[in-house]
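# Tertiary structure, described
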Amino acid sequence: MNLRNYEITVGEILKNPQAKAMLQKELPMVMRHPMLPVARAIPLKDIVNYAGGYVSPKKMQSILDKLSKI
């Protein structure tokens, strides 16, 4: 998946079944969060910056690597 320098939106990522399944496995609580519909319009770079307090840098990098290989 082309993450376009992290400018891709959460919604664009979630349209990909493989990416969505991987995120459901890696971040199940996030994928059930009631604010997820609002996050669909947010670029990935903003989510990565915001998630730093909730997801370890190592796990975040692993997720980004997996997304880029889809």
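The structure contained in this document is the topic of the report that follows. Just so it is clear, the model here is predicted, and its values are computed rather than measured. (Residues numbered from 1 in each chain as written. Predicted model: local features only at pLDDT ≥ 70, side-chain atom pairs only at ≥ 80, totals over all residues. Heavy atoms only, no water.)

## Digging into the overall build of the chain
Put simply, the test is: The helix count covers DSSP runs of H or I at least four residues long, the strand count covers runs of E at least two residues long, and both are numbered beginning at the N terminus. Each radius of gyration is computed over the set of C-alpha atoms, and the globule rule expresses the reference value as 2.2 Å times the number of residues to the power 0.38. Using a 1.4 Å probe on the protein chains alone, a residue whose accessible area is under 20% of its type maximum counts as buried, one over 50% counts as exposed, and one in between counts as partly exposed. Whether two residues are in contact is decided by their heavy atoms: any pair within 4.5 Å suffices. Per-residue and other accessible areas were derived by the Shrake-Rupley procedure at a 1.4 Å probe size, with only the shown protein chains allowed to occlude residues. Asp and Glu count as negative and Lys and Arg as positive, but His and the ends of the chain are not part of the count. The atoms used to mark charge sites are NZ of Lys, CZ of Arg, CG of Asp and CD of Glu.
Secondary structure summary: the chain contains six helices and zero strands in total. Secondary structure elements of the chain, listed N to C terminal, follow the sequence α-α-α-α-α-α. Relative to the globule expectation of 11 Å for 70 residues, the C-alpha radius of gyration of the chain, 11 Å, shows essentially globular dimensions. Referenced to the eigenvectors of the C-alpha coordinate spread, the extents of the chain come out at roughly 25 × 25 × 20 Å. Across the 70 residues that make up the chain, the buried fraction comes to 33%. Counted over contacts in the chain with a minimum sequence separation of 6, partners at least 24 positions apart contribute 67%. Accessible surface, the chain as shown: approximately 4,800 Å² in total, 59% of it carbon and sulfur. Of the side chains in the chain, 11 bear a positive and 5 a negative charge, and the two mean positions are spaced by 8 Å.

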